[in-house]
Amino acid sequence: MKKIIIAAFALAVIAFAPNTYAQTKMVGGAAMYPTKNIVANAVNSKDHTTLVAAVKAAGLVPTLQSAGPFTVFAPTNAAFDKLPAGTVDMLVKPENKAALTKILTYHVVAGKVSSADLMAKIKAGGGKAELNTVSGGILTAMANGKKIYLVDEKGGKSWVTIADVNQSNGVIHVVNTVLMPN
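An account of the accompanying structure is given in this report.

Notes on the environment of Lys147
- Position of Lys147 relative to the elements: it lies in strand S7 (residues 147–151).
- When the C-alpha positions of Lys147 and Trp159 are compared, they lie 7.5 Å apart, and in sequence the two are twelve residues distant.
- With residues near it in sequence (within four places) discarded, Lys147 still touches Met119, Met142 and Trp159.

Structure (structure tokens):
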């Protein structure tokens, strides 16, 4: 009987292991594990060092380590590089913490919203879906074929370049442009 229980346990582990591995995605040269939280994964991505520094400067680390769930549209370093020269250096100064926090929380939606969920919302909305951000702003999600893009309140457009990077407390969608609230 003991051997049967051990064999059943081993089969269960083998059955679930491929599913867990399949959910692990590579971002910025690092594996993003669905068992880790948003911050624990993001700090390992070489493509998100600016975002991580900004999250730390804004004091948002404890929030993004909490249970959530959150959907984060995570701009890459290249996305931050598109901003006018000196913008990031100015935003991470302590006296600009409120502005930085507003921009960063504009990239966050409460709940776990997968790319399939986004596509369903876009379809239900006749080609666009409004997402309420944690900052209180609105992001508009649209699709071009199977690619999802977001339009911010200022009319800027950002494409989802890597979707559905699952986290223990939500999901990250990597984007190629910093989204700006009003």
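Still to come is the rest of the account.
Things to note about the sheet that holds strand S4 (residues 108–110)
- The strand order across the open sheet built from seven strands is S4-S3-S9-S8-S7-S6-S5, with neighbouring strands paired in mixed fashion. The sheet is open, and its two borders are formed by S4 and strand S5 (129–132), each paired with just one other strand. For this sheet, the mean inter-axis angle between neighbouring strands, taken without regard to orientation, is 30°.
- Two strands pair when backbone bridges link them, and strand S8 (residues 157–167) and strand S9 (residues 170–175) are joined in this way by five bridges, in the antiparallel orientation.

Quick look at helix H7 (residues 97–105)
- Within H7 the residues assigned to the buried category are Leu100, Ile103, Leu104 and Thr105.
- Check the buried side of H7 and you find it contacts helix H3 (49–58), helix H6 (87–91) and S4.

Things to note about the nonpolar core
- Counting 26 residues, the largest nonpolar core has Leu64, Val72, Leu104 and Ile172 as its most contacted members.
- Elements supplying a minimum of two residues to this core: strand S2 (30–32), helix H2 (38–42), H3, strand S3 (70–75), helix H5 (77–81), H7 and S9.
- In terms of residue count, H3 provides more of this core than any other element does, four residues in total.
- When neighbours within four sequence positions are excluded, Leu104 is seen to be in contact with Leu51, Ala54, Val55, Ala58 and Leu60.
- Core analysis: the next-biggest nonpolar cluster, separate from the first, contains 15 residues, Phe73, Leu118, Ile148 and Leu179 among them.

Section: helix H8 (residues 115–124)
- Regarding H8, the residues found buried are Ser115, Leu118 and Ile122. For H8, the angular spread of buried residues about the axis comes to 55°, placing them on one side. Among the exposed residues of H8, those pointing more than 90 degrees away from its buried face are Ala116, Lys123 and Ala124.
- Its buried side turned inward, H8 meets S3, S5, strand S6 (138–144), S7, S8 and S9.
- Just downstream of H8 lies Gly126, where phi reads positive at about 70°.

Parameters and conventions
- Residues numbered from 1 in each chain as written.
- Predicted model: local features only at pLDDT ≥ 70, side-chain atom pairs only at ≥ 80, totals over all residues.
- Heavy atoms only, no water.
- Helix = DSSP H or I, 4+ residues; strand = E, 2+ residues; numbered from the N terminus.
- Contact = heavy atoms within 4.5 Å.
- Pairing = 2+ DSSP bridges.
- Axes fitted to C-alpha atoms, helices over the stretch in contact; angles between N-to-C directions.
- Buried < 20%, exposed > 50% of the residue type's maximum accessible area, 1.4 Å probe, protein only.
- Core = buried A, V, L, I, M, F, W, Y, C linked by side-chain atoms within 4.5 Å.
- Arc of directions from axis to C-beta.

All quantities given are derived from atomic positions and should not be read as evidence of function.
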